[in-house]
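# Overview (structure and organization)
Single-letter residue listing:
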Amino acid sequence: MKDDYDVIVCGAGVMGAAIALGLTRLGRRVLALDGNDGDLRAARANFGLLWVQGKGYGKPDYQALSHEAADRWPRFAAELEAQTGVDLQFEQRGGLQFCLGETQMAARAERIGTWQTQLPSVASCTEMIERSALMRMMPDATLGPDVSGASFCHRDGQINPLKLLRALQSALVAEGGTLIHGAPVSRITPEPGNGFTVQADAQRWRGAKVVIAAGLGSPALAAMVDLDVPLRPQRGQLLVTERLAPLLPYPASGLRQTGEGTVMIGVTQEDVGMDMNTTTMAAAKMSRKALRILPALSQVGWVRQWSALRIMTPDGAPVYAQSTTHPGAFIALCHSGVTLAPIHAGPLAAAIADGALPLAFNFFHQRRFHVSQAE
Ligand SMILES: Cc1cc2nc3c(=O)[nH]c(=O)nc-3n(C[C@H](O)[C@H](O)[C@H](O)COP(=O)(O)OP(=O)(O)OC[C@H]3O[C@@H](n4cnc5c(N)ncnc54)[C@H](O)[C@@H]3O)c2cc1C
């Protein structure tokens, strides 16, 4: 048996690494065990948006959580950068969702209006921008004739997600946490009154608490502590262009220019099981839409296409829960792991350290899917 820890976190993607970092900053002895390079890893293949607008439509708790994350981002990014020296390419100047045609513009305005009235405290964060004003906001870009305008949320932003992951993992180790790569957890054994034994390959460790944050690898581990979350993969494909001069001053849903100058074009939403292939059909569809927004992209070479699988719960909102039958075993899953990283390193880590998820997290329990084992 290896050393004892206060908390063992299974999975060190953007979710697990953020929780482990937060717990370490609270003075807990933390071990984060990450799987193998062949694992499905959304943290290494996502779009890098810090997205608030429209998030939590019909779910005010999720909406409020996203807003709280947006509040926390500037300080969280500054601390991570200062501690690790990693330039996260963090920006929070606002984000756009382009509308192609007046019908889309009207539908977007209605949806954003409804979404804003759900949470009156932040009702003025998003506005509809007409084409002429949009053109003034984007002096280096020529918008296609189909663009009628956009919704613009002042609180949206972007980041380099790979650098975020690196910074979270580096900060975790710098704070005294232990991170082991290539350690896929195969068994979690509850030891009544004495925490949990966690096994990866031939090694075993004891932890007073255990957190399952292994993305799509989570259901198999969760079943060992009577946590059962329905989860489905959802494929997202992206295109990346060659590096360009500054063109897009704001990130947009499905279109953003990275700190290096490449333009990311995306993102599909496909229910195809564990299929990670990229398809010409998706490339054509994404390109067609991007060209209607920015026709100049037709002259640009694209250098890469990739796909990754989202970690989707039935309603798309996160799950944060503790096992009823095995208290001390937690699960954390979501498909906005970049946006919500300051929540995971902050209030969620604090709640796990305390041993109970507070009322503010009530909505996120998996009981909303009527799973009987959960508390
Ligand atoms: C195409 C696409 C675009 C996206 N765009 C955005 C975006 O713009 N903004 C945003 O906020 N979110 C975005 N997301 C979602 C975001 O990437 C995920 O929410 C986030 O990566 C989830 O982090 P995670 O750590 O839970 O899972 P992952 O990143 O998948 O990490 C899981 C980790 O667990 C490890 N693991 C698996 N099994 C085991 C095991 N048995 N033992 C130990 N470790 C294990 C894996 O090796 C991996 O490191 C996007 C996702 C996709 C697919």
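Residues numbered from 1 in each chain as written. Predicted model: local features only at pLDDT ≥ 70, side-chain atom pairs only at ≥ 80, totals over all residues.

Cis geometry is found at the peptide bond from Gly266 to Val267, where omega equals -20 degrees. Its location among the elements puts Val267 in the loop between β14 (263-266) and α7 (280-293). Backbone geometry at Asp201 places phi at a positive 50 degrees, although glycine is not the residue there. Looking at the secondary structure, you find Asp201 in the loop between β10 (196-200) and β11 (203-212). Phi is positive for Asp226, close to 60 degrees, though the residue is something other than glycine. Here Asp226 falls in the partly exposed class, since 16 other C-beta atoms lie within 10 Å of it. (Helix = DSSP H or I, 4+ residues; strand = E, 2+ residues; numbered from the N terminus. Buried ≥ 20, exposed ≤ 12 C-beta atoms within 10 Å, placed from the backbone.)

Our next topic: the site of the ligand. Not every one of the 39 residues close to the ligand is listed here, only the nearest: Gly13, Gly215, Gly217, Gly236 and Gly337. Residue assignment for the shell around the ligand shows that the elements contributing at least two residues are α1 (14-25) and β15 (302-312). The leading source of residues in the shell around the ligand is β15, at four residues. Class assignment for the residues of the shell around the ligand results in 22 nonpolar, 13 polar and four charged. Each of domain 1 (4-49 + 161-231 + 315-369) and domain 3 (232-312) accounts for three or more of the residues forming the shell around the ligand. (Near = placed C-beta within 6 Å. Nonpolar A, V, L, I, M, F, W, Y, C, P; charged D, E, K, R; others polar. Domains from an automatic or database assignment.)

Mapping Leu297 onto the fold places it in the loop between α7 and β15. Along the backbone, Leu297 and Asp34 are 263 residues apart, and their C-alpha atoms lie at a distance of 39 Å. Once you skip the residues sitting within four places of it in the chain, Leu297 turns out to touch Thr241, Val263, Ala290 and Leu291. (Contact = placed C-beta atoms within 7 Å.)

Moving on, we get to the packing of helix α2 (residues 60-84) against helix α5 (residues 161-174). Packed helix pairs are specified by the crossing angle of their axes together with the interaxial distance, meaning the distance between the axes. Contact geometry of α2 with α5 gives a least axis separation of 9 Å together with a crossing angle of 65 degrees. Note that α2 runs across α5; the crossing there is left-handed. Contact with α2, carried on its side by Leu80, Gln83 and Thr84, involves Ala167, Ser170, Ala171 and Ala174 of α5 and no other residues of that element. The residue makeup of the contact of α2 with α5, split by class, is four nonpolar, three polar and no charged. (Axes fitted to C-alpha atoms, helices over the stretch in contact; angles between N-to-C directions. Left-handed = near helix turned anticlockwise from the far one by under 90°.)

What follows deals with α1. The first and last C-alpha atoms of α1 sit 16 Å apart over twelve residues, in line with the 16 Å expected at 1.5 Å per residue. For α1, the tally of buried residues reaches twelve of twelve residues, placing the bulk of the element in the interior. Among all positions in α1, only Val14, Met15, Gly16, Ala17, Ala18, Ile19, Ala20, Leu21, Gly22, Leu23, Thr24 and Arg25 are buried. Buried residues along α1 sit against β1 (4-10), β2 (30-33), α5, β11, β17 (329-333) and α8 (341-354). (Expected span 1.5 Å × (residues − 1).)

This brings us to the packing of α2 against α8. Their axes nearest at 8 Å, the elements α2 and α8 cross at an angle of 90 degrees. Taken together, the axes of α2 and α8 are roughly perpendicular relative to one another. Contacts between α2 and α8 involve Leu65, Glu68, Ala69, Arg72, Trp73 and Phe76 from the first element and Pro342, Ile343, Ala345 and Gly346 from the second. Classifying every residue of the contact of α2 with α8 by side-chain character gives seven nonpolar, one polar and two charged. (Parallel < 35°, antiparallel > 145°, perpendicular 65-115°, else oblique.)

To continue, consider the pairing of β1. Within β1, five of the seven residues are buried, which leaves the element mostly enclosed by the surrounding structure. For β1 and β2, the ladder comprises four bridges, and the chain directions are parallel. For Cys10, the partnering residue across the bridge sits in β2 and is Leu33. With α1 bridging β1 and its parallel neighbour β2, the resulting β-α-β unit is right-handed. (Pairing = 2+ DSSP bridges. Right-handed = clockwise from strand over helix to strand, strands pointing away.)

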